[in-house]
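# Understanding the architecture of this molecule
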Amino acid sequence: MTKRLWGEKPYHSLDYEMKQRYGEKIYKVSLESGLTCPNRDGTLGWGGCIFCSGNGSGDFASPRTSSIRTQIDNGICGLSKRKQVGNRFIAYFQSFTNTYAPTEILRSMYMEALEHPDVVMLSIATRPDCLPTEVMKLLEECRRIKPIIVELGLQTIHESTADLIHRGYPLEVHDTAVESLKSIGIEVVTHVIAGLPHETESDFLETVAHVGRRSDGIKIQLLHILKNTVLADMYLNHEFRALSQDEYIQTVLRSLSILPEHIIIHRLTGDGPGDLLIAPEWSRRKRQVLNEIHRQLKIRNIWQGKEYNA
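Throughout what follows, the structure given in this document is the object of discussion.

With that settled, the discussion passes to the environment of Leu-106. Within the element layout of this structure, Leu-106 appears in helix α3 (residues 103–114). Taking the relative accessible area as the measure of exposure, Leu-106 reaches 0% and is therefore buried. Taking the C-alpha atoms as reference points, Leu-106 and Ser-33, 73 residues apart in sequence, are found 9.0 Å from one another. Leu-106 has contacts with Leu-35, Asn-98, Thr-99, Tyr-100, Ala-101, Val-135 and Leu-138, leaving out every residue within four places of it along the chain.

This next bit is on the side chain of Gln-155. Mapped onto the secondary structure, Gln-155 falls in strand β4 (residues 148–155). Classification of Gln-155 as buried rests on a relative accessible area of 12%. Apart from the residues lying within four places of it in its own chain, the contact partners of Gln-155 are Phe-51, Ile-165, His-191, Val-192, Ile-193, Leu-196 and Thr-207.

For the rest of this paragraph, the subject is the pairing of β4. The side chains of a regular strand alternate between both faces of the sheet. In terms of residue burial, β4 counts as a mostly covered element, since 8 of its 8 residues are buried. Where burial is concerned, the two faces of β4 agree: the one with Ile-148, Val-150, Leu-152 and Leu-154 and the one with Ile-149, Glu-151, Gly-153 and Gln-155 are both buried. Bridge analysis of strand β3 (residues 119–126) against β4 gives 5 bridges, and the strand direction is parallel. Considered in β4, the bridge of Ile-124 is made with Val-150. You can see the chain leave β3, run along helix α4 (residues 133–143) and come back into β4, and the turn it takes is right-handed. Bridge analysis of β4 against strand β5 (residues 187–194) gives 6 bridges, and the strand direction is parallel. Following the sheet pairing, Glu-151 is matched in β5 by Val-189.

To continue, consider the pattern of salt bridges. According to the stated counting rule, one finds 19 salt bridges in the structure shown. Across the pair Lys-19 and Asp-15 runs a salt bridge, and its minimum N-O distance is 3.3 Å. Placement of the pair is Lys-19 and Asp-15 together in helix α1 (residues 14–22), with a separation of 4 residues, close to one helical turn. Here Glu-159 makes a salt bridge to Arg-167, at a shortest N to O gap of 3.7 Å.

Phe-93, Tyr-110, Leu-122, Leu-139 and Leu-181 are the most contacted members of the largest nonpolar core, which has 36 residues in total. Those elements giving two or more residues to this core turn out to be β1 (27–31), α2 (68–82), β2 (89–93), α3, β3, α4, β4 and α6 (171–183). Tallying contributions element by element places α3 first for this core, with 6 residues. If we ignore the near neighbours within four places in the chain, the residues touching Tyr-110 are Phe-93, Asn-98, Thr-99, Leu-122, Ile-124, Leu-138, Leu-139 and Cys-142. Ranked by size, the runner-up nonpolar core spans 29 residues in total, among them Phe-204, Leu-243, Val-252 and Ile-302.

Parameters at a glance
- Residues numbered from 1 in each chain as written.
- Predicted model: local features only at pLDDT ≥ 70, side-chain atom pairs only at ≥ 80, totals over all residues.
- Heavy atoms only, no water.
- Helix = DSSP H or I, 4+ residues; strand = E, 2+ residues; numbered from the N terminus.
- Buried < 20%, exposed > 50% of the residue type's maximum accessible area, 1.4 Å probe, protein only.
- Contact = heavy atoms within 4.5 Å.
- Pairing = 2+ DSSP bridges.
- Right-handed = clockwise from strand over helix to strand, strands pointing away.
- Salt bridge = Lys/Arg side-chain N within 4 Å of Asp/Glu carboxyl O.
- Core = buried A, V, L, I, M, F, W, Y, C linked by side-chain atoms within 4.5 Å.

Dropping the structure here:
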């Protein structure tokens, strides 16, 4: 197999894909919808998954006290102060479950974002068990206006781990959601977490391979252990250990090698809120970790798809 480069990286990054589509770097603007999650409001459970800190990964979004339009404007302004940006952005409904509301509420939010002149795409984070027929129809309607990405939190394909983390739905729900979304022209990105309690590297690679056969994109996330979570109690009670930096990098490299070339890599690691992070401490150095991943890919002559078997 011949080594293939996507821009300057040996994998199909989101940055590369957006530059191919739009001719420039496209930044995400994180939005706060004010919605919750069925795993937090008592429908399926209380408190969310065991790693959830209570903000649903929306640590970097503007407060919901602002309108969607204001959040987008403020987000663009904030990015412009730190980076050289263009005039096109992805509106990212990030925290909690952003399809978990009556359709009239969802329609108002989505349309407000779609109507913003600088927004070229919506990205909507949700659960695969929160996509009823009426929401799917709304998403299809929105997709006719501008492209839509739906991000699904799967984390693992292993049911024993899913039960442990209190995910609240079986694997087939995710797989059916992926098929249904793709059938109406919506791109699907699946979130997975490396380092979940009692999972081996082989377990995680099985999850990655499963996602690679179905979704359009993947977000690879390190397990962050945050204060005030069930996961933190388990960690402090020595029920499992956090991955080392070397272990995580090795896992990422192997994951990339078994993913098909067309899958878009939306994330190779992530941020844990600094004031909440217990472990791993090394994950605070996100740029250093990413640089080492890229260095090891080059040293070991690894690229996305090198070991992929259809």
